[in-house]
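Residue strings, one per chain:
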Amino acid sequence: MERYHSHLLYKNIGPEGQKKLSSSTITIVGIGAIGSIAAEVLSRAGVGKLILIDRDYVELSNLQRQFLYTEKDIGKAKANAAYKRLRDINHNTKVVSKPISLYYKNVQEIGSPNIILCCTDNILSRLLINDYSLKNNIPCIIGGAVADKGFMYVVEGRPCF
């Protein structure tokens, strides 16, 4: 627990919160700019399991904003490159890589996490994830950014797109 010493001292997390983090599963759909930052922060925080879903490949133009990747990752599936980097960051976090395109026939690949992070830039995927979240009663945080504007929306209960 030395790794999480600051969390243990922080009253809003403490030992109970850290135990909850280490037993949590989070699915991240879209491991680009927002998703890669979220994945790294969650791994460093000690989340127990991360499921990474992304169909895309690392490109040179990604490197200035997608911090998990390096030049050595160009051409590799983002989910697989992120998996490798996150294992180097925190071997205690179980990481599952799914380099797939998410659609209605395989949406169950999201699993049954505690939270879904929707970080994709594809509106059809967002709608699909929103429906899955509502149907399975899983809280979903949707994030996006365009140019210098960003947004975040939490789907919990009945509100939806």
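Each remark here, short or long, concerns the structure printed above.
Computed from a predicted model, the values in this text were never measured in an experiment.

### Describing the nonpolar core
Okay, so step 1: Counting 19 residues, the largest nonpolar core has Ile-28, Leu-50, Leu-52, Leu-68 and Leu-86 as the members making the most contacts within it.
Okay, so step 2: Of all the secondary-structure elements, those providing two or more residues to this core are strand 1 (25-29), helix 3 (33-45), strand 2 (49-53) and helix 4 (78-89).
Okay, so step 3: It is helix 4 that contributes the most residues to this core, four residues altogether.
Okay, so step 4: Not counting residues up to four positions away in its chain, the partners in contact with Ile-28 are Gly-35, Ala-38, Ala-39, Leu-42, Leu-50, Ile-51, Leu-52, Ile-53, Leu-117 and Cys-119.
Okay, so step 5: Grouped together as the second largest cluster of nonpolar side chains are 14 residues, Ile-51, Ile-53, Cys-118 and Ile-142 included.

### Notes on the pairing of strand 4 (residues 115-118)
Okay, so step 1: In terms of strand pairing, strand 1 meets strand 4 through four bridges, oriented parallel. Across the sheet, residue Ile-28 finds its bridge partner in strand 4, namely Leu-117.
Okay, so step 2: Examined bridge by bridge, strand 4 and strand 5 (residues 140-146) share three bridges and lie parallel to one another. Bridging across to strand 5, Leu-117 finds its partner in Ile-141.
Okay, so step 3: Chirality of the crossover, the property in question, places the unit of strand 4, helix 5 (residues 123-136) and strand 5 among those that are right-handed.

Analysis parameters
- Residues numbered from 1 in each chain as written.
- Predicted model: local features only at pLDDT ≥ 70, side-chain atom pairs only at ≥ 80, totals over all residues.
- Heavy atoms only, no water.
- Core = buried A, V, L, I, M, F, W, Y, C linked by side-chain atoms within 4.5 Å.
- Buried < 20%, exposed > 50% of the residue type's maximum accessible area, 1.4 Å probe, protein only.
- Helix = DSSP H or I, 4+ residues; strand = E, 2+ residues; numbered from the N terminus.
- Contact = heavy atoms within 4.5 Å.
- Pairing = 2+ DSSP bridges.
- Right-handed = clockwise from strand over helix to strand, strands pointing away.

Interpretation note: all reported values are geometric properties and have no functional meaning in isolation.
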